[in-house]
Amino acid sequence: MSARSSIDEADLHALVDNELSGDERRRVEDHLLEHPESAALVELWRRQNAALRAAFEPVARETPPLSLRNAALRNAAPGAPHIESGAIHWGRPSGSNRAPRRLSEARASRRARGFFATLAALIAGAAIAGAAVFLFTRGLGPGTPAAPALQGYVERAEIAFQTYVADPKIAEFDAAPREELLGALQTRLGLARVPDLSAAGFRLLGARVTPGVRGPAALVFYEKSAPNERIALYYERADALGGARLAPRLSRELTAVEWRAAGYAFVLIGPLGAEAIQQAAESAAAEILTGAGAIAP
Amino acid sequence: MVKSLKAPYHVSLMRHATSSSVRTGSSMGQKEETFAEIEAATPFLRRYARALCVGAGAAVANDLVQSAVERLCEQIRGAAVRPAGKEAARISAYRTLTEFAREALANELSGRLSPRQPAVAHALAELPFEERCCILLVALEGFGYEAAAEIAGVRRDVVLARITRARAAFSALDLKPEAPQDGVRRAGGHLRVVK
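Residues numbered from 1 in each chain as written. Chains lettered and ligands numbered in written order. Predicted model: local features only at pLDDT ≥ 70, side-chain atom pairs only at ≥ 80, totals over all residues. Heavy atoms only, no water.

Draft legend 1. A look at the overall build of chain B. The number of helices and strands found in chain B is 9 helices and 0 strands. Order of helices (α) and strands (β) in chain B, N terminus to C terminus: α-α-α-α-α-α-α-α-α. Here chain B, with 195 residues, has 54% of them falling under the buried criterion. Long-range contacts, defined as pairs at least 24 residues apart, comprise 71% of the intrachain contacts of chain B with a sequence gap of at least 6. Surface accessibility of chain B: about 9,200 Å² in total, with carbon and sulfur atoms responsible for 55%. (Helix = DSSP H or I, 4+ residues; strand = E, 2+ residues; numbered from the N terminus. Buried < 20%, exposed > 50% of the residue type's maximum accessible area, 1.4 Å probe, protein only. Contact = heavy atoms within 4.5 Å. Areas by Shrake-Rupley, 256 points an atom, 1.4 Å probe, with all protein chains shown as cover.)

Draft legend 2. Representation of the nonpolar core. Counting residues in hydrophobic clusters, the biggest one holds 76 residues, and the most contacted among them are A:Leu52, B:Leu64, B:Leu124, B:Ile135 and B:Leu136. Beyond its immediate stretch of four places on either side in the chain, B:Leu136 contacts A:Leu52, B:Tyr48, B:Ala51, B:Leu52, B:Leu124 and B:Glu141. In this structure, A:Phe173, A:Leu181, A:Leu191 and A:Ala218 belong to the second largest nonpolar core, which totals 33 residues. (Core = buried A, V, L, I, M, F, W, Y, C linked by side-chain atoms within 4.5 Å.)

Draft legend 3. Layout of the pairing of strand E3 (residues 216-224) of chain A. Residue and element names in this part refer to chain A. The buried fraction of E3 amounts to 7 of the 9 residues, a majority that puts the element mostly inside the structure. Bridge count for E3 against strand E4 (residues 230-237) is 7 bridges, and the pairing is antiparallel. Across the sheet, residue Glu223 finds its bridge partner in E4, namely Arg230. (Pairing = 2+ DSSP bridges.)

Draft legend 4. Looking closely at the packing of aromatic side chains. One pass over the structure, following the stated rule, counts 7 aromatic pairs over all chains. The interplanar angle of 70° and the centroid separation of 6.1 Å between the aromatic rings of A:Tyr235 and A:Tyr264 together place this pair among those described as edge-to-face. With a gap of 29 residues between them, A:Tyr235 in strand E4 and A:Tyr264 in strand E6 (residues 264-270) connect regions that are remote in the sequence. Across the pair, exposure class does not vary: A:Tyr235 and A:Tyr264 are buried alike. With a centroid separation of 4.7 Å and 80° between ring planes, the pair formed by B:Tyr94 and B:Phe143 is classed as edge-to-face. Separated by 49 residues along the polypeptide, B:Tyr94 in helix H5 (residues 86-106) and B:Phe143 in the loop between helix H7 (129-140) and helix H8 (145-152) bring together distant segments of the chain. Like B:Tyr94, the residue B:Phe143 is buried in the burial classification. Positioned above the aromatic ring of A:Tyr164 is the side chain of A:Arg208, whose terminal nitrogen or guanidinium carbon lies 4.0 Å from the ring centre. (Phe/Tyr/Trp six-rings, centres within 6.5 Å; stacked < 30°, edge-to-face > 60°. Lys NZ or Arg CZ within 6 Å of the ring centre and 35° of its normal.)

Draft legend 5. The packing of H8(B) against helix H9 (residues 156-170) of chain B, seen in detail. All names here are of chain B. Look at H8 against H9: their axes get within 8 Å of each other, and the N-to-C directions meet at 95°. It follows from the interaxial angle that H8 and H9 lie roughly perpendicular. Residues Tyr145, Glu146, Ala148, Ala149 and Ala152 of H8 form the contact with H9, whose own contacting residues are Arg156, Val159, Leu160, Arg162 and Ile163. (Axes fitted to C-alpha atoms, helices over the stretch in contact; angles between N-to-C directions. Parallel < 35°, antiparallel > 145°, perpendicular 65-115°, else oblique.)

Draft legend 6. Here's a closer look at the environment of A:Leu181. Residues and elements named next belong to chain A. Relative to the elements of secondary structure, Leu181 occurs in helix H9 (residues 178-189). Leu181 gets classed as buried once you look at its relative accessible area, which sits at 1%. In the structure, Leu181 is positioned 27 residues away from Arg208 in sequence and 9.0 Å away in space, judged by C-alpha atoms. Leave out the neighbours within four places in its chain, and Leu181 touches Phe173, Asp174, Ala175, Val194, Leu204 and Ala207.

Draft legend 7. Focus on the pairing of strand E2 (residues 202-211) of chain A. All names here are of chain A. Along E2, 8 of the 10 residues are buried, which leaves the element largely enclosed by surrounding structure. Pairing geometry for strand E1 (residues 173-174) and E2, over 2 bridges, is antiparallel. Counted as the bridge partner of Phe173 is Ala207 from E2. Alignment of E2 against E3, held across 9 bridges, turns out to be antiparallel. Paired with Val209 across the two strands is Ala218, which belongs to E3.

Draft legend 8. Representation of the confidence of the model for chain A within the structure. All names here are of chain A. On average, residues of chain A score 78 in pLDDT, and 77% of them are at 70 or above. Contacts of residues 78-89 to residues separated by more than four positions or lying in other chains number 8 contacts, the stretch itself having pLDDT below 50. Here residues 143-149 is a poorly scored stretch, pLDDT under 50, and it has 10 contacts once near neighbours within four places are set aside; other chains count. (pLDDT = per-residue confidence, 0-100.)

Draft legend 9. View of the pattern of salt bridges. A full pass over the atoms with the stated rule returns 19 salt bridges over all chains. Put simply, B:Asp63 and A:Arg110 hold a salt bridge, and the shortest N to O gap is 4.0 Å. Of this pair, B:Asp63 sits in helix H4 (residues 58-77) while A:Arg110 is found in helix H6 (residues 98-138), placing the two residues in two different chains. When the shortest N-O distance is used, the salt bridge between B:Arg47 and B:Glu141 registers 3.0 Å. Of the two residues, B:Arg47 is situated in helix H3 (residues 27-52) and B:Glu141 in the loop between H7 and H8; the sequence distance between them amounts to 94 residues. (Salt bridge = Lys/Arg side-chain N within 4 Å of Asp/Glu carboxyl O.)

Draft legend 10. Up close: a nonpolar patch on the surface. Residue and element names in this part refer to chain A. Where nonpolar side chains cluster on the molecular surface, the patch consists of Phe115, Phe116, Leu119 and Ile123 and spans about 430 Å² of accessible area. In this structure, Leu119 sits in helix H6. The exposure class of Leu119 is partly exposed, given its relative accessible area of 38%. (Patch = residues over 30% accessible without salt bridge, like charges linked within 9 Å, V, L, I, M, F, W, Y side chains within 5 Å.)

Draft legend 11. Just the packing of H7(B) against H9(B), in detail. Residues and elements named next belong to chain B. Where H7 meets H9, the axes come as close as 8 Å, and the angle between the chain directions of the two elements is 95°. The orientation of H7 relative to H9 falls into the category roughly perpendicular. In contact with Glu130, Glu131, Cys134, Ile135 and Val138 of H7, H9 contributes Val159, Arg162, Ile163, Arg165, Ala166, Arg167 and Phe170. In terms of residue class, the contact of H7 with H9 is built from 7 nonpolar, no polar and 5 charged. (Nonpolar A, V, L, I, M, F, W, Y, C, P; charged D, E, K, R; others polar.)

Draft legend 12. Summary view of the sheet that holds E3(A). Residues and elements named next belong to chain A. Strand order in the open sheet formed by 6 strands is E1-E2-E3-E4-E6-E5, and the pairing between neighbours is antiparallel. The outermost strands of the open sheet, each flanked by one partner alone, are E1 and strand E5 (255-261). The sheet contact formed by E4 and E6 spans 6 bridges and is antiparallel. Within the sheet, the bridge partner assigned to Arg237 lies in E6 and is Tyr264. Against the sheet, helix H8 (residues 153-165) engages E2, E3, E4, E5 and E6, with an angle of about 135° to E4.

What follows is the structure, encoded as structure tokens:
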């Protein structure tokens, strides 16, 4: 039993931790065969090791955070000069315990940031709630809703006009089968109005449906014999609110006239002079009012 | 380095040791090799740091690894540290990280551990820092006693004493027999207790 006396707990630990080799290892393993209590201890420690690895092994497999990716190679970027000594490392004082301090500072500032973020969120929430209460107690009177104030029909009409005016297929519904054109507008918008602007020298090109401010809008295109002169009549179902709005800001070459009729907002827009567009708009408005545009001539 | 995950730990360590002793080269090439080795060790440094900071959280662990890697690379560039070979570079990285963690966790209140964490993590959080460091270096990171002693900055028998205490503290844990992992043979796994 000389082997037994020479084997102590340290040898068992060494066996578990792969510190033994060759003969020593064989000697301890032989010892385990004879001493089940030692074998149980070894098995327990192995389970402990396995439990530790199972708990933390996934960390080594997950993708490291951005700050750690290439941390070493980034510091040793090939462009950076390899300064052996006697150099001033700006922003990187060596020999100070800057990093650990920075860590605790970062943690403190993170906590502070968290606190302020919470505070800011609470204040923002209170402000939103207050604004909502203010709006609802005042009632949705004329002029209060935000959407038309943010973007009016004229701006919308301008965007639609600019988008489609140079389109190779300018119209979704061509002028030719007029019944089809009117039918499409009637089903999509609930109102079909294609006024005849031939008095002002404009020929009907066709119409298309485009997103409006609140819903679908119609965009009816007209063309003058001079090829670059295209205008469009934009209309969309309007809320029962006119209200004072800021004057729409249009690009310089475009002119627009806006009016309301039959619960719809109408915008006639095009690169015309103020007088010409006013004239065209008046004839269009008259036709729309009488409903003449809806009736096939 | 990825390969060494699958191989038993002692095997990978021995391979590192031999390759580093054989390799020779210019000082510049050696430096780059060292940086590459530290880079390759980063996932394992993270694993070690996460376990070491088990009571303090993952963010602290990541910060520590970044600080340690940056500091070490800075020292290597400044020639304040010259690890001779890959294994020495790895030991230097763990040593720097351990020093940083010791400093950072000294004034860190632990005990914010989530109850969802496994029992072994709770037991680990209960250990004193030095014992935790030694058991993790050996059991989790696969270092030998000599290397662990170098990293912890103590003598070999101190490492062994700390491991003994840590294992005694763990013995209260109710650990299930290790489930056989898919195709991965544990080092010394041929040894089974026969009833």
